[in-house]
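Coordinates in review
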Amino acid sequence: PLYLSRPVGRADYIAGKLAVLVGVMSVLTWIPIMLLFALQSGLAGWSWFAANLRIAVGIMSCSALWIAVVSLLTLAVAAWVRWRPIAMLSVFGYFFVSAAIGTLINETLEVTWGSVFNLAMLMRFLWTDFFAIPQLEGALPTGVSLAAIAVTCLVFLAMLVRRVRAYEVVRS
């Protein structure tokens, strides 16, 4: 009661909301995959673990990026759109619209740089790079993919910070 009776600042409020989303999404993303990796390591032995450590790093890195992107997108949309059905459609619509914009730029200008708008494609580029799978044709460099995802996360965070207002309820 003492902790919850104090005013909550904007950063604390956002961090609390992010912590809940990160916890829930971790249970759905990297934790089951890492359990399978640990099981395989236990069955195959230390040499398999040492030879495939990059897989564990890839799982953790890409999952953390995906959790950050989806969490910030969800919180930003929830802060700007109050009606839940429209907010849900906006989150799903973002992925479709960004993919359409990226494909439109790629096809119209005959380039591959339009993929910086397509978050799913950027994550696919990163997954294939982290797991040493041969890259898709027209794949962007890893640094460009990471930079595009970082800029996207910063835009979502700026939208969230702009909309969230901390206030204190004072009772007499």
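Residues numbered from 1 in each chain as written. Predicted model: local features only at pLDDT ≥ 70, side-chain atom pairs only at ≥ 80, totals over all residues. Heavy atoms only, no water.

Once that is clear, we can look at the overall build of the protein chain. Scanning the protein chain from N- to C-terminus turns up seven helices and zero strands. Listing every helix and strand of the protein chain by position from the N terminus yields α-α-α-α-α-α-α. A compact globule built from 172 residues should have a C-alpha radius of gyration of about 16 Å, whereas the protein chain, at 20 Å, is more than 25% larger. Every one of the 172 residues in the protein chain was classed for burial, and the buried ones make up 27%. When contacts within the protein chain are restricted to residue pairs at least 6 apart in sequence, long-range pairs at least 24 apart make up 63% of them. Summed over all atoms, the accessible surface of the protein chain reaches about 11,300 Å², with 71% contributed by carbon and sulfur. Where the 11 positive side-chain charges of the protein chain centre and where its 6 negative ones centre are 20 Å apart. (Helix = DSSP H or I, 4+ residues; strand = E, 2+ residues; numbered from the N terminus. Rg over C-alpha atoms; globule rule 2.2 N^0.38 Å. Buried < 20%, exposed > 50% of the residue type's maximum accessible area, 1.4 Å probe, protein only. Contact = heavy atoms within 4.5 Å. Areas by Shrake-Rupley, 256 points an atom, 1.4 Å probe, with all protein chains shown as cover. Lys, Arg positive; Asp, Glu negative; His and termini not counted. Charge placed at Lys NZ, Arg CZ, Asp CG, Glu CD.)

With that settled, consider the environment of Trp 80. By secondary structure assignment, the location of Trp 80 is in helix 4 (residues 53-80). Its relative accessible area of 37% is what places Trp 80 among the partly exposed residues. Beyond its immediate sequence surroundings of up to four residues, Trp 80 is in contact with Met 159, Arg 162 and Arg 163.

Let us look at a nonpolar patch on the surface. Residues Val 20, Val 24, Val 27, Leu 28, Ile 31 and Leu 35 make up a contiguous nonpolar surface patch of roughly 580 Å² in combined accessible area. For the nonpolar patch, the elements supplying multiple residues, two or more each, are helix 1 (10-28) and helix 2 (30-44). Note on placement: Leu 28 falls in helix 1. Judged by relative accessible area, which is 65%, Leu 28 ranks as exposed. (Patch = residues over 30% accessible without salt bridge, like charges linked within 9 Å, V, L, I, M, F, W, Y side chains within 5 Å. Salt bridge = Lys/Arg side-chain N within 4 Å of Asp/Glu carboxyl O.)

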